[in-house]
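Residue-level structure breakdown
Each chain, written out:
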Amino acid sequence: MAALQTVTKVERMTPRSAATRAKLIAVAEGLFAERGVEGVSLNEINRAAGQRNSNACQYHFGNKHGLIQALMEKHVVVIIARRNELMDRMETEGSNDLREVVRSFVYPVAEKLYDPNGGKEFIRIVAQILVPQTLSLQRKSMTALRMQNADRLTRAFRNTILHLGLPEPIIRQRILLAAMLLYHGLADHSQMLDATKTDDPAIDTELFVNVIEDSIAAVLAAPMSADTATRVQILIKATE
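Here's what I pulled together on the structure shown here. Keep in mind the model is a prediction, meaning the values are calculated, not measured. (Residues numbered from 1 in each chain as written. Predicted model: local features only at pLDDT ≥ 70, side-chain atom pairs only at ≥ 80, totals over all residues. Heavy atoms only, no water.)

Focus: the packing of helix α6 (residues 98-110) against helix α8 (residues 150-161)
As a packed pair, α6 and α8 sit with axes 9 Å apart at the nearest point and diverge in direction by 160 degrees. Considering their axes alone, α6 and α8 lie roughly antiparallel with respect to each other. In this structure, α6 crosses over α8, and the sense of that crossing is left-handed. Of the residues in α8, those touching α6 at Leu98, Val101, Val102, Ser104 and Phe105 are Leu153, Ala156, Phe157, Thr160 and Ile161. In the contact of α6 with α8, the residues fall into eight nonpolar, two polar and no charged. (Axes fitted to C-alpha atoms, helices over the stretch in contact; angles between N-to-C directions. Helix = DSSP H or I, 4+ residues; strand = E, 2+ residues; numbered from the N terminus. Parallel < 35°, antiparallel > 145°, perpendicular 65-115°, else oblique. Left-handed = near helix turned anticlockwise from the far one by under 90°. Contact = heavy atoms within 4.5 Å. Nonpolar A, V, L, I, M, F, W, Y, C, P; charged D, E, K, R; others polar.)

Spelled out as structure tokens, the structure:
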């Protein structure tokens, strides 16, 4: 029933309604990126978007969760298309190289730095909600955002490090850490770019993206230390 209602609403959307919806999302991007998702109310977004109807956000998105979902989908569709292109090429060529998988993870997101339609804001927002979203998914919460293509990417990561024989808790922590490195790194880098006008190679974007790629590959493929192996075995036994 919910899916049917969604389709009906899309079919009835007028150009004016679509423009209002896009305006609300664009305003939310700027405010969420600047002040934090929790620091901005729907009423503030309505006012900043110049809406006479004080319930415009609620009408179009239901609540803040619905607005954030719409904001994510605006950008994730592009990221997923680009990522699928890279991963399809890998599969066609029969590649199972870790660096290629990392590149398909990093580049589609990094390209958002050059998207004038809210790209940098999207990265900063994801950096804010990454951990709460991960916890919601682990708890199978109804408020978890729907994220496409995550399973395909996770499987690719797992397949490339399978030979390391890493315990499941280590794999999960490394994949989460990879996401933290990507989004928090790019979010901070985008703020540096906004605040600094310099030719310093240390803040060159292409170099920074290469360093993120190197770092994520190293995190995923690093051998476990003796201390880490001991600790994870203690934790696994405690749950048996």
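Let's talk about the packing of helix α2 (residues 15-35) against helix α5 (residues 64-93)
Contact geometry of α2 with α5 gives a least axis separation of 10 Å together with a crossing angle of 95 degrees. Classified by the angle their axes make, α2 and α5 are roughly perpendicular. Together, Arg21, Ile25, Ala28, Glu29 and Phe32 of α2 and Lys64, Leu67, Ile68, Ala70, Leu71, Lys74 and His75 of α5 make up the contact between the two elements. Grouping the constituent residues of the contact of α2 with α5 by class yields seven nonpolar, one polar and four charged.

Here we look at α8
Between its first and last C-alpha, α8 extends 17 Å over 12 residues, near the 16 Å set by a 1.5 Å rise per residue. Every buried residue belonging to α8 is among Arg152, Leu153, Ala156, Phe157, Thr160 and Ile161, and all of these are buried. End-on view of α8: buried residues confined to an arc of 155 degrees, all on one side of the axis. (Expected span 1.5 Å × (residues − 1). Buried < 20%, exposed > 50% of the residue type's maximum accessible area, 1.4 Å probe, protein only. Arc of directions from axis to C-beta.)

A short note on the environment of isoleucine 175
Position of isoleucine 175 among the secondary structure elements: in helix α9 (residues 168-195). Sequence separation between isoleucine 175 and arginine 158 is 17 residues; the distance between their C-alpha atoms is 9.0 Å. Not counting residues within four places of it along the chain, the set of residues in contact with isoleucine 175 comprises Thr154, Phe157 and Leu220.

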